[in-house]
Amino acid sequence: MRHAARLATLLLGIAVVPAWAQDAAGDPTVIKTHGIATFGEPALPADFPHLPYVNPDAPKGGEMSQHGIGTFDSYNPTRSGAGHGAVGDDAGTADGVGPGRSVFDVLPSVRDGRISESRDWIIFNLRPEARFSDGSPLTADDVLFTFELLRDKGFPSYSEALKTRVASATVLDTHRIRFDFMPDIERRDVLGLMGNQSIFSRAEFEATGRDIQQTSTTPFLGSGPMSSTARISGGRSRCGATRTIGAGPAHQQGPAQFRHLRFEYFGDFDAAFEAFKAGIYTFQVEPSEQLWSTGYDFPAVAAGAVIKEEIPDGVIASGDAWVFNLRRDKFKDIRVREAIGLMFNFEWSNQALFYGMNTRLDGFWDNSDLQAEGPPTPEELALLEPVAADLPPGILTDDPVSAPVSGERQLDRGNARRAAALLDEAGWTTGTDGMRRNAAGQTLRVEFLDFNQSYDRIVNPMSRTCVRSAWTRSCRGSIRRN
């Protein structure tokens, strides 16, 4: 899904800036603007010098190295083999687009634009100075070639997104290309979906006979500031070199300051951390509360060679979570989902497993302006009241729903009783064998799909809580890893 969202329309690349084919200033349905935000006005002006969270005067040069988990056997970013696919020349352009952010805020050479209120089409104007890493020009024909290649031969998640969202693509001239969208797609986020996709070189594909459906050990040409071809050790490490440090468009001022960016690959997080302690790579984003609390006592920390620091990033809060598969009938009932959620004791887990470092999230927008707080405002009510009949009770009057609070003991009996009542109400009743079954005689079975063994310490206590509680001897839990 991450790939599908990123590649959904394939319209933004490092060199692409929206502009418009004709002057329609007299047309009230056409908006003239230097950027288009999903909500409200663009956050940055047309002439922004650099992104607000970077220091364009940061020291330039040197090497930054990080770790990757796993391996890679291909430099084809759209078709990897048995392992993982590494990208070719880095064409990274846009930063993430969040609430209030404009998709143009992070693009080079931002200029005036015109777009219809209906957002039925968009014309992109390529920077004339845009070049691939071999110095060849990047043209609208390359954008069209990339679009058609991924639409016809890309992964299904790529091609289906393009086929269902984009009706046509037309080259207008060397530096302009127009995309018309399907009539029934959601328009609000159609521009927000256009980001972070490389543009392939038609000339390179034709000269080399490349096949996008095959793995490749030769990186594709890219148009970003970083070239991946500096140093490559197959499956183990890759190092890119910045072609022009401190130059280029506004959004590259700050991020593209290092001469080299290196990734070292390891089989698991434990091996990666030991390599960090030995100085094999230099920057570690620590994902483990346990390591952060107990693992940073090695000599390099004491000597000051490793600096341990918490750095607020100001972004929307992310979380580790399980998401219910709503294609399964048993999870379509909100009472079943609530009952299972009640059996996860966050308060106990936070103290016993997470060293008191985590905060419970109540929604997808925590730590942002869209975080739900208090009852709906008058402006929100104006949007909600026309659809009030389709909303759950209390939405228009009550505070936002929050995650359940548990006690300090692993089994919170109050929450267990609430869960049991919800399951009874939903038709999952306990039989003489102690198993909860529905009217068809099926047992309530829950599978947790986990990334690796590190999640066992979270899943297992929850499974034991289900078995000990009043509502199951019944709920059968299992872990399956992908």
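Residues numbered from 1 in each chain as written. Predicted model: local features only at pLDDT ≥ 70, side-chain atom pairs only at ≥ 80, totals over all residues. Heavy atoms only, no water.

(A) Region of the structure containing the overall build of the chain. Within the chain one finds 13 helices and 16 strands. Residues counted as buried form 41% of the 482 residues belonging to the chain. Long-range pairs, those at least 24 residues apart, make up 69% of the contacts in the chain with a sequence separation of at least 6. With the model as given, the accessible surface of the chain reaches about 26000 Å², and the carbon-plus-sulfur share is 52%. (Helix = DSSP H or I, 4+ residues; strand = E, 2+ residues; numbered from the N terminus. Buried < 20%, exposed > 50% of the residue type's maximum accessible area, 1.4 Å probe, protein only. Contact = heavy atoms within 4.5 Å. Areas by Shrake-Rupley, 256 points an atom, 1.4 Å probe, with all protein chains shown as cover.)

(B) View of the side chain of His67. Mapped onto the secondary structure, His67 falls in strand β3 (residues 63-69). Using a relative accessible area of 18% as the deciding quantity, one classes His67 as buried. Polar contacts involving the side chain of His67 include one to the side chain of Tyr281, which spans 3.5 Å. Only 3.3 Å separates the side chain of His67 from the side chain of Gln284, close enough to count as a polar contact. Among all residues touching His67, those that are not within four sequence positions of it are Phe263, Glu264, Phe266, Phe269, Ala272, Tyr281 and Gln284. (Polar contact = N/O pair within 3.5 Å; in protein donor to acceptor, adjacent residues only side chain to side chain.)

(C) Spatial organisation of the pairing of strand β8 (residues 166-173). Across six bridges, β8 lies against strand β9 (residues 176-181) in antiparallel orientation. Each residue of the ladder has a partner; that of Thr170, found in β9, is Arg178. What sits between the antiparallel neighbours β8 and β9 is a turn of two residues. (Pairing = 2+ DSSP bridges.)

(D) Expanded view of the side chain of Ser406. Within the element layout of this structure, Ser406 appears in the loop between α11 (378-384) and α12 (413-425). For Ser406, the side chain forms a polar contact with the side chain of Asn415, separated by 3.1 Å. Each residue touching Ser406, except ones within four places of it in the same chain, is listed here: Phe344, Asn345, Glu347, Asp412 and Asn415.

(E) Region of the structure containing the confidence of the model for the chain. Averaged over every residue, the pLDDT of the chain is 77; the share at 70 or more is 76%. Confidence over residues 80-110 falls short of pLDDT 50; this stretch has 122 contacts with residues more than four positions distant or in other chains. Predicted confidence is poor over residues 472-478, with pLDDT under 50, and the contacts of this stretch with residues over four places away or in other chains come to 23 contacts. (pLDDT = per-residue confidence, 0-100.)

(F) Examining empty space enclosed by the protein more closely. Tallied over the entire structure, the rule returns three cavities of 30 Å³ or more. Considering only enclosed or pocket space, the largest cavity measures out at about 60 Å³ in volume. Around the largest cavity sit Met343, Phe344, Asn345, Trp348, Ser349, Leu353, Gln410, Ile458, Pro461, Met462 and Thr465, which together line it. Listing elements by their share of the lining of the largest cavity, those giving two or more residues are α10 (346-352) and α13 (456-468). The greatest single-element share of the lining of the largest cavity, amounting to four residues, is contributed by α13. Classifying every residue of the lining of the largest cavity by side-chain character gives seven nonpolar, four polar and no charged. Taken together, the residues of the lining of the second largest cavity sort by class into five nonpolar, five polar and one charged. (1 Å grid on protein atoms, 1.4 Å probe; cavity = no way out; pocket = protein on both sides within 12 Å on 5 of 7 lines; lining within 4 Å. Points joined across faces, edges and corners; volume = space filled by probe spheres on them. Nonpolar A, V, L, I, M, F, W, Y, C, P; charged D, E, K, R; others polar.)

(G) Spotlight on a nonpolar patch on the surface. Together, Phe39, Phe364, Trp365 and Leu370 make up a nonpolar patch on the protein surface, roughly 470 Å² of accessible area in all. Looking at the element boundaries, Phe39 is found in the loop between β2 (30-33) and β3. (Patch = residues over 30% accessible without salt bridge, like charges linked within 9 Å, V, L, I, M, F, W, Y side chains within 5 Å. Salt bridge = Lys/Arg side-chain N within 4 Å of Asp/Glu carboxyl O.)

(H) Main features of helix α3 (residues 156-165). Along α3, the residues that are buried comprise Tyr158, Ser159, Ala161 and Leu162. Buried residues along α3 cover an arc of 160° about the axis, so they all sit on one side. (Arc of directions from axis to C-beta.)

(I) Structural view of the packing of helix α2 (residues 140-153) against α3. Packing of α2 against α3 brings their axes to within 6 Å, and their N-to-C directions diverge by 115°. By the angle between their axes, α2 is roughly perpendicular relative to α3. Once α2 is placed against α3, the crossing between them reads as left-handed. The segment α2 lies against α3, with Phe147, Leu150 and Arg151 engaging Tyr158, Ser159, Leu162 and Lys163. Taken together, the residues that form the contact of α2 with α3 break down as four nonpolar, one polar and two charged. (Axes fitted to C-alpha atoms, helices over the stretch in contact; angles between N-to-C directions. Parallel < 35°, antiparallel > 145°, perpendicular 65-115°, else oblique. Left-handed = near helix turned anticlockwise from the far one by under 90°.)

(J) Spatial organisation of unusual backbone geometry. Notably, Tyr355 is not glycine yet its phi reads approximately 60°, a positive angle. With respect to the element layout, Tyr355 can be found in the loop between α10 and α11. Here the phi dihedral of Asn367 falls at roughly 70°; this positive angle occurs in a residue that is not glycine. Mapped onto the elements, Asn367 comes out in the loop between α10 and α11. A residue is classified by how much of its surface remains accessible, and Asn367, at 46% relative accessible area, is partly exposed.

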